[in-house]
Amino acid sequence: IPGQKLVLITGCSSGIGLRMAVMLATDEQKRYHVVATMRDLKRKDKLVEAAGDAYGKTLSLAVLDVCNDESVQQCISGIKDRHVDVLINNAGIGLVGPIESIPIEEMKKVFETNFFGVIRMIKEVMPDMKRRKGGHIIVVSSVMGLQGVVFNDVYAASKFAMEGFCESLVVQLLKFNVTLSMIEPGPVHTEFESKMIQDVKQKEYPGADPDTVHYFKNVYLPSSVDIFETLGQTPDDIARVGSQASLPQSSSPRFRNLTNPLYTPIVALKYADETGGLSVHAFYHMLFNLGPLMHVSMTAMNLSLTRPKKLHISDGLKLKLAPDR
Ligand SMILES: NC(=O)c1ccc[n+]([C@@H]2O[C@H](COP(=O)([O-])OP(=O)(O)OC[C@H]3O[C@@H](n4cnc5c(N)ncnc54)[C@H](OP(=O)(O)O)[C@@H]3O)[C@@H](O)[C@H]2O)c1
């Protein structure tokens, strides 16, 4: 169809990627043809079912493992004229736990997927975009790409790395009329969450001392579960931000897109105090002094949060941030 934009998305077997693929492929005006990619096509059923009639029309499937040069090259070469209008880098993996018990190899896998995986994709499609003087690249980062979170050290680092990379590249690309946007979701209910919980259940955390394991399992994890329950968005919430950013008419899309307004004050904390002390002590206080209280206040927030846009969390933070850490 003339004028239709070709959108390529990575990691479409579940979660945010799946919902983005479906949302764009079922666009009423049929503005997009979506190439939904995944590393293992055996995992395609959920997507195919959700896409309904769009499958085979505005949605096609392709194999793509972001960690594999050949796989990426083959996939892009399989696209007519290698022409990708919108590249959505969504594939990613999480990693939580005390770093003492995580082998370096496992940490490298996170960077290989979340950081080098995105760069591998960008390197493959960017030259054509620059030549054509058009195109849009979207990167699904995380709030943890802007603010670190305890026990998410390596995952946050991989997303910070992506933020730094994109912040640098976006300026050059603008000269070629190629746009770049980041999406920074807070917690989202996807397999990401269940994989984390499953992973924690299976692991023993060898090499970490008992106190650290205690803080991880009995302090951090319950509060993380609470935060997911209270503030978690749906993959469709994130997909909406993604489709907004993919719109053909949005010629100057926003560079950063925090999907959850409740995180705006948390990110602002960091920039409000250049010494970094405010964020460090706020997080320390929330986790170690208010752990049990957090549970109560999150539950209360859950009940009162009918309109999240009202930023109740900033009131919550003010209450919780006593001066004496
Ligand atoms: N859920 C959250 O709370 C949250 C919050 C902020 C940011 N994010 C980010 O959102 C993105 C999507 O995550 P999600 O929440 O939708 O999680 P998800 O349901 O676990 O989906 C992740 C997707 O990435 C794919 N993937 C992993 N490694 C890959 C590789 N080497 N090549 C290609 N695909 C690969 C997975 O494929 P397989 O099925 O083959 O494993 C899966 O389709 C990630 O970048 C994540 O960091 C998530």
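Numbers given to residues run from 1 along each chain, matching the order in which its sequence is written. Note on the predicted model: pLDDT of at least 70 is required for a residue's local features to be given, and 80 or more for side-chain atom pairs to be given and counted; whole-chain, interface and lining totals, by contrast, use all residues.

### Quick notes on the overall build of the protein
Right, on to step 1. Of the regular secondary structure elements, the protein holds 12 helices and 7 strands.
Right, on to step 2. By sequence separation, contacts in the protein at least 24 residues apart represent 78% of the contacts at least 6 residues apart. Put simply, DSSP H or I for four residues or longer makes a helix, DSSP E for two residues or longer makes a strand, and each gets a number counted from the N terminus. Each residue gets a C-beta atom placed from its backbone, and two residues are in contact if those atoms lie within 7 Å.

### Some words on the site of the ligand
Right, on to step 1. Near residues are defined by distance alone, with the backbone-placed C-beta atom required to lie within 6 Å of the molecule or strand. Neighbouring the ligand are 30 residues, the closest being Gly11, Gly15, Ala91, Gly92 and Phe192.
Right, on to step 2. For the shell around the ligand, the element with the highest residue contribution is helix H6 (residues 191-202), accounting for 4 residues.
Right, on to step 3. Throughout, the ten residues Ala, Val, Leu, Ile, Met, Phe, Trp, Tyr, Cys and Pro are labelled nonpolar, Asp, Glu, Lys and Arg are labelled charged, and all others, Gly among them, are labelled polar. For the shell around the ligand, the per-class residue count stands at 11 nonpolar, 12 polar and 7 charged.

### Overview of the confidence of the model for the protein
Right, on to step 1. The predictor attaches a confidence to each residue, called pLDDT, with possible values from 0 through 100. Residues of the protein with pLDDT of at least 70 account for 88%, and the chain-wide mean is 89.
Right, on to step 2. A low-confidence stretch, residues 306-325 (pLDDT under 50), is modelled with 25 contacts involving residues beyond four sequence positions or located in other chains.

### Brief notes about the nonpolar core
Right, on to step 1. The nonpolar core criterion groups buried Ala, Val, Leu, Ile, Met, Phe, Trp, Tyr and Cys residues into a set whenever they are joined through C-beta atoms within 7 Å. The burial label depends on the number of other C-beta atoms within 10 Å of a residue's C-beta. Counts of 20 or more mean buried, 12 or fewer mean exposed, and intermediate counts mean partly exposed, with C-beta atoms placed from the backbone. One finds Ile9, Ala21, Ala25, Val34 and Leu87 to be the most contacted residues of the largest nonpolar core, which totals 52 residues.
Right, on to step 2. The dominant element in this core, judged by the number of residues it contributes, is helix H1 (residues 15-25), at 8 residues.
Right, on to step 3. For valine 34, the residues in contact, after removing those within four places along its chain, are Val7, Ile9, Ala21, Leu24, Ala25, Thr58 and Leu59.
Right, on to step 4. One finds Val143, Leu146, Val154 and Leu258 within the second-largest nonpolar core, a separate group that totals 18 residues.

### As for the sheet that holds strand S1 (residues 5-9)
Right, on to step 1. Here, any two strands with at least 2 DSSP bridges between them count as paired. The strand order S3-S2-S1-S4-S5-S6-S7 describes an open sheet built from 7 strands, whose pairing is parallel. Edge positions in the sheet fall to strand S3 (59-63) and strand S7 (256-258), since each of these pairs with one other strand and no more. Strand-to-strand, the axes of this sheet are offset by a mean angle of 20 degrees, without reference to chain direction.
Right, on to step 2. Sheet analysis places S1 next to strand S2 (residues 32-38), joined by 5 bridges and oriented parallel. Looking at S2, one finds that leucine 6 is bridged to histidine 33.
Right, on to step 3. Throughout, an axis means a line fitted to C-alpha atoms (over the contacting stretch in the case of helices), and angles, computed between N-to-C directions, take values from 0 to 180 degrees. Along the sheet, helix H8 (residues 235-246) makes contact with S1, strand S4 (86-89), strand S5 (135-140), strand S6 (178-184) and S7, crossing S6 at roughly 170 degrees.

### A short note on the UniProt feature "binding site: substrate" (unreviewed entry) in the protein
Right, on to step 1. UniProt positions are given in the numbering used here, feature names are shortened, and annotations may be inferred rather than shown by experiment. Feature annotation in UniProt places "binding site: substrate" (unreviewed entry) on Ser142, given in this structure's numbering.
Right, on to step 2. The residue serine 142 is located in the loop between S5 and helix H5 (153-175) in this model.
Right, on to step 3. Serine 142 sits in the buried class, given 28 other C-beta atoms within 10 Å.
Right, on to step 4. Setting aside residues up to four positions removed in sequence, serine 142 forms contacts with Lys159, Glu184 and Pro185.

### Things to note about the packing of H1 against H8
Right, on to step 1. Packing of H1 against H8 brings their axes to within 8 Å, and their N-to-C directions diverge by 55 degrees. Between H1 and H8, the angle falls in the class oblique. As for the relative orientation of H1 and H8, their crossing is right-handed in sense. Seen from H1, the contacting residues are Gly15, Ile16, Leu18, Arg19, Met20, Met23 and Leu24; seen from H8, they are Pro235, Asp236, Ile238, Ala239, Gly242, Ser243 and Ser246. An angle counts as roughly parallel when it lies under 35 degrees, as roughly antiparallel when it exceeds 145, as roughly perpendicular when it falls between 65 and 115, and as oblique in every other case. Definitions for this section: a left-handed crossing has its near helix turned counterclockwise from the far helix by less than a right angle. A right-handed crossing has that turn clockwise.

### A look at H8
Right, on to step 1. The span expected for a helix works out to 1.5 Å for each residue beyond the first. With 12 residues, H8 extends 16 Å between its outermost C-alpha atoms, agreeing within 8% with the 16 Å of an ideal straight helix rising 1.5 Å per residue.
Right, on to step 2. Packed against the buried residues of H8 are S1, H1, S4, S5, S6 and S7.

### Points about the packing of helix H4 (residues 104-132) against H5
Right, on to step 1. At a minimum axis separation of 9 Å, H4 and H5 run at an interaxial angle of 20 degrees. Relative to H5, the element H4 is oriented roughly parallel. The chirality of how H4 crosses H5 is right-handed. Across from Met107, Val110, Phe111, Asn114, Phe115, Val118 and Ile119 in H4, the residues of H5 making contact are Val154, Tyr155, Ser158, Lys159, Ala161, Met162 and Phe165.
Right, on to step 2. For the contact of H4 with H5, the residue count by class is 11 nonpolar, 2 polar and 1 charged.

### With respect to the environment of asparagine 68
Right, on to step 1. Along the chain, asparagine 68 turns up in the loop between S3 and helix H3 (69-77).
Right, on to step 2. By C-beta crowding, asparagine 68 is classed as partly exposed, having 16 other C-beta atoms within 10 Å.

### Side note on the pairing of S6
Right, on to step 1. Counted residue by residue, S6 has 7 buried out of 7 residues, so it is predominantly covered.
Right, on to step 2. Side chains Val178, Leu180, Met182 and Glu184 of S6 all project onto a buried face; the interleaved residues Thr179, Ser181 and Ile183 project onto the opposite face, where all are buried too.
Right, on to step 3. As judged from the 6 bridges shared by S5 and S6, these two strands associate in the parallel manner. Across the sheet, valine 139 pairs through a bridge with methionine 182, a residue of S6.
Right, on to step 4. Strand direction decides the pairing type here: S6 and S7, joined by 3 bridges, are parallel.

### What to know about the pairing of S3
Right, on to step 1. Looking at chain direction, S2 and S3 are connected through 5 bridges and run parallel. Within the sheet, the bridge partner assigned to methionine 38 lies in S3 and is valine 63.
Right, on to step 2. Where the polypeptide runs from S2 across helix H2 (residues 45-51) and back to S3, its parallel neighbour, the crossover connection is right-handed. When the strands point away from the viewer and the connection leading from the first strand across the helix to the second strand turns clockwise, the crossover is called right-handed.

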